[in-house]
2 protein chains.
Amino acid sequence: MASGISLKELAAQLNLAPSTVSRALNDSYEISDKTKEKVLKMAEKLNYQPNPFARSLRENKSNAIAVIMPERINAFFAHFIDGLESITQDHGYHLLVYSTHEDLEKEKKIVNLLLNGRADAVIMSVSSQTSDISHLKMLHERGLPILFFDRVCSEIPTTKYITNDYQVSYEATKHLIQQGCKKPAFLMLSEGISITKERHRGFLAALKEAGISTEPHLNKVCFQDESENVKVIEELLSSEAPPDGILASVEKLAIASYMAAKNLELKIPKDLKVISFSNMRIAGLLNPSLSTISQPAFEMGEECGRLLMKKLTRPKQPDFPDELVVLPSKLTIRASTMVE
Amino acid sequence: MASGISLKELAAQLNLAPSTVSRALNDSYEISDKTKEKVLKMAEKLNYQPNPFARSLRENKSNAIAVIMPERINAFFAHFIDGLESITQDHGYHLLVYSTHEDLEKEKKIVNLLLNGRADAVIMSVSSQTSDISHLKMLHERGLPILFFDRVCSEIPTTKYITNDYQVSYEATKHLIQQGCKKPAFLMLSEGISITKERHRGFLAALKEAGISTEPHLNKVCFQDESENVKVIEELLSSEAPPDGILASVEKLAIASYMAAKNLELKIPKDLKVISFSNMRIAGLLNPSLSTISQPAFEMGEECGRLLMKKLTRPKQPDFPDELVVLPSKLTIRASTMVE
DNA sequence: TTGTACGCGTTATCAA
DNA sequence: TTGATAACGCGTACAA
């Protein structure tokens, strides 16, 4: 529809062969400077734009990168993509962005869409439902370069970008205990995913160190739906042995905790202290301001982009090494965990 | 690299001509049911995936839609894309997503990238810097279907999705006045863009109706950078004739206002009432909870997607009508504009 | 009902 | 230094 002039037509205008024009445009050493100049000028004049699909077909290369993430409404993912885009755009790469909405079936469908070469690589943070990973294995076995970030899939041998989940959860929990919490709770989206495990381990380690016994009901698996989560947390908070502190492993659970506390007229931090993994800019403007563990999302995206570009823009690059790249998170103490 | 089997290879496996296989896969009436079944089965077995670029080249159709927006860290845009994706994905379309970061030069570069047919349509919300619109005109003149949402470009004759900016700004301002504001201020990112103008008109209309004279310094053009905005608003709030209310035309200016008030130890809503266009889920959890005008972002994305799919999935569709589709926003009063 | 031949717009190989 | 030709994978007009 909106196609412009083709290489052939451009060549006709110049009384040259298409192959000559192609070489001139690609600055081949075989072409005389005079011809190059003439071609470039005419291409400019006629606003010639190479057809990306002809090129992709010929070169077996899409110049596109697929990003698959569990949700869009989350500052972490938005920042990550900003960082990624800041690197890839300068290399002429386009971003195909997909959200799984934490749904494994949707994730499988999307992954399937990428089996045909539409993207040169996949960058992914898996859904909280992702227990079966056959679709990811297939993607990797097909030879499509794949990177993970945040919610990684350890069974696939490739590079994964994460934060120091264990360490920072440990510190956050220790902070809760220092602020007087005797019965902190850990809120998670799913037990299956990587970050949950690590963050939970850090939580449990701090408890153990402080001699606090782990009560099963204080390690709560929540759901996808917000109102459901609010209900679940309300029940937790009004149970016989309610928690006096919360470490939320993802942002949305901190928000649900605030809502639940509000509904039950519990005061944060007096009745309940809350700290959460979160990249919200406005954590400091909440009522009360929220103590957070914030990940270096933009930098993570940049690093991911750099590794990717290194592989895609040079010939004969090795596969991504099977390693964990750990970027440290930042703990910011605010009112929600202060002693009154 | 990650390419699977081709149509030709699939045909060879079946002892059939590629054209026969192609027709079978496309469910052509010319092919016998028996052959179709055989082909489908083998395609399944060998996990055949058609090459999207060969197809795009042949059909002059990318099956991709470009979305250009000013920023990612904004719930409105995230929700909009969620809504859009919910429609387009079922039709086999992919989303290429770009952020201009409110930078006109970046916007031009991105638009230029789309001149070659990489996307079948463009959905756009222009940057606050976009005064020169030659790049958008060229896109439209090339015949590429283009839709605008939120920040529209009135000079391009196509369909634009907006909210009732004038009306709802008028109501929000009236609300401020009813709550006792004598000198409300209007904060905007740029005077040039469509929504700013409409929202400002509504603001001024309410002022006029209430017999409040317009003071130039209370109609403030802000910047891109957050810390700069905080400074600008601090200056405004500590000027000789400071405002006692703020209508922020975009979310980030409400956040900057909260920060400025905090820094100056002004109490919201006692010293200053604040209301803002915003799609934050957690407006109700801010300190104090923020009165908002929220746009139906997801629905806007859906409607946009439906119109787009109607055009792209059927032959010989007319151009998008040059009209404004107005979806109403919702005014939610919270603590930030309450009388104490 | 199926097969043959061609072209979409590029780039690479080979010949001139 | 330039030109002719083939090929990437697919869909379709035409032939069988």
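Residues numbered from 1 in each chain as written. Chains lettered and ligands numbered in written order. Predicted model: local features only at pLDDT ≥ 70, side-chain atom pairs only at ≥ 80, totals over all residues. Heavy atoms only, no water.

Per an unreviewed UniProt entry, chain A carries the name Sucrose operon repressor and comes from Algoriphagus machipongonensis.

A. Inspection of the overall build of chain A at higher detail. The secondary structure content of chain A amounts to 12 helices and 12 strands. Relative to the compact-globule value of 20 Å for 340 residues, chain A shows a C-alpha radius of gyration of 25 Å, a clear excess of over 25%. With 340 residues in all, chain A has 57% of them scored as buried. Here the contacts in chain A between residues at least 6 apart in sequence split such that 73% fall between residues at least 24 apart. Accessible surface for chain A amounts to roughly 14800 Å². Of this, 50% is attributable to carbon and sulfur atoms. Within chain A, one finds 41 positive and 43 negative side-chain charges whose respective centroids are separated by 5 Å. (Helix = DSSP H or I, 4+ residues; strand = E, 2+ residues; numbered from the N terminus. Rg over C-alpha atoms; globule rule 2.2 N^0.38 Å. Buried < 20%, exposed > 50% of the residue type's maximum accessible area, 1.4 Å probe, protein only. Contact = heavy atoms within 4.5 Å. Areas by Shrake-Rupley, 256 points an atom, 1.4 Å probe, with all protein chains shown as cover. Lys, Arg positive; Asp, Glu negative; His and termini not counted. Charge placed at Lys NZ, Arg CZ, Asp CG, Glu CD.)

B. Fine view of the protein's contact with DNA strand C. Contacts to DNA strand C come from 27 residues, most closely from Leu 7 and Arg 58 of chain A together with Ser 19, Thr 20 and Thr 35 of chain B. Between DNA strand C and the protein, one listed contact pairs a base oxygen with a side-chain N or O atom of Arg 23 of chain B at 2.8 Å. Contributions of two or more residues to the surface near DNA strand C are made by α1 (7-14), α2 (18-25) and α4 (52-59) of chain A together with α2 (18-25) and α4 (52-59) of chain B. At four residues, the largest contribution of residues to the surface near DNA strand C is made by α4 of chain A. Of the residues belonging to the surface near DNA strand C, the class tally is eight nonpolar, 11 polar and eight charged. (Near = heavy atom within 4 Å. Polar contact = N/O pair within 3.5 Å; in protein donor to acceptor, adjacent residues only side chain to side chain. Nonpolar A, V, L, I, M, F, W, Y, C, P; charged D, E, K, R; others polar.)

C. Spotlight on the interface of chain B and chain A. Contacts between the two partners involve 59 residues from chain B and, on the opposite side, 59 residues from chain A. Buried surface at the junction of chain B and chain A, both sides included, amounts to about 5700 Å², of which 56% is carbon and sulfur. When residues of chain B are sorted by the area they lose upon contact with chain A, Phe 53, Arg 281 and Leu 285 of chain B head the list and together hold 14% of the total. Summed over the shared surface of chain B and chain A, the result is six salt bridges. Glu 85 of chain A is the partner of Arg 72 of chain B in a salt bridge, and the nearest nitrogen-oxygen pair spans 3.1 Å. Linking chain B with chain A are 18 residue pairs in polar contact (both at pLDDT 80 or more), by the criterion used here. (Buried area = accessible area lost by both parts, 1.4 Å probe. Salt bridge = Lys/Arg side-chain N within 4 Å of Asp/Glu carboxyl O.)

D. Fine view of the UniProt feature "domain: HTH cro/C1-type" (unreviewed entry) in chain A. In the numbering used here, UniProt assigns the feature "domain: HTH cro/C1-type" (unreviewed entry) to residues 4-53 of chain A. Here residues 4-53 of chain A is 62% helix and 0% strand, with 14 Å between the C-alpha atoms at its ends. (UniProt positions renumbered as here; feature names shortened; annotations may be inferred.)

E. Structural view of the sheet that holds strand β9 (residues 273-277) of chain A. All names here are of chain A. The strand order across the open sheet formed by six strands is β7-β6-β8-β9-β10-β12, and the pairing between neighbours is mixed. Of all the strands in the sheet, the pair left with one neighbour each is β7 (219-221) and β12 (330-332). Each strand axis lies, on average, 15 degrees off the axis of its neighbour in the sheet, ignoring direction. Packing of helix α9 (residues 194-209) onto the sheet brings it into contact with β6 (184-188), β7, β8 (245-248) and β9, and relative to β6 it is tilted by some 175 degrees. (Pairing = 2+ DSSP bridges. Axes fitted to C-alpha atoms, helices over the stretch in contact; angles between N-to-C directions.)

F. The domain arrangement of chain A, seen in detail. Residues and elements named next belong to chain A. You can read the domains of chain A as domain 1 (7-50), domain 2 (64-162 + 297-327) and domain 3 (165-295 + 331-337). The C-alpha centroid of domain 3 is placed 28 Å from the C-alpha centroid of domain 2. In this assembly, 15 residues from domain 2 lie in contact with 12 residues from domain 3. Where domain 2 abuts domain 3, roughly 1200 Å² becomes buried across the two surfaces, and 52% of that area is made up of carbon and sulfur atoms. In terms of surface lost to domain 3, no three residues of domain 2 exceed Ser 128, Asp 150 and Arg 151, which account for 34% of the buried area on that side. At the boundary of domain 2 with domain 3, the tally comes to two salt bridges. Where Lys 252 meets Glu 71, a salt bridge forms, and the shortest distance between an N and an O atom there is 3.6 Å. (Domains from an automatic or database assignment.)

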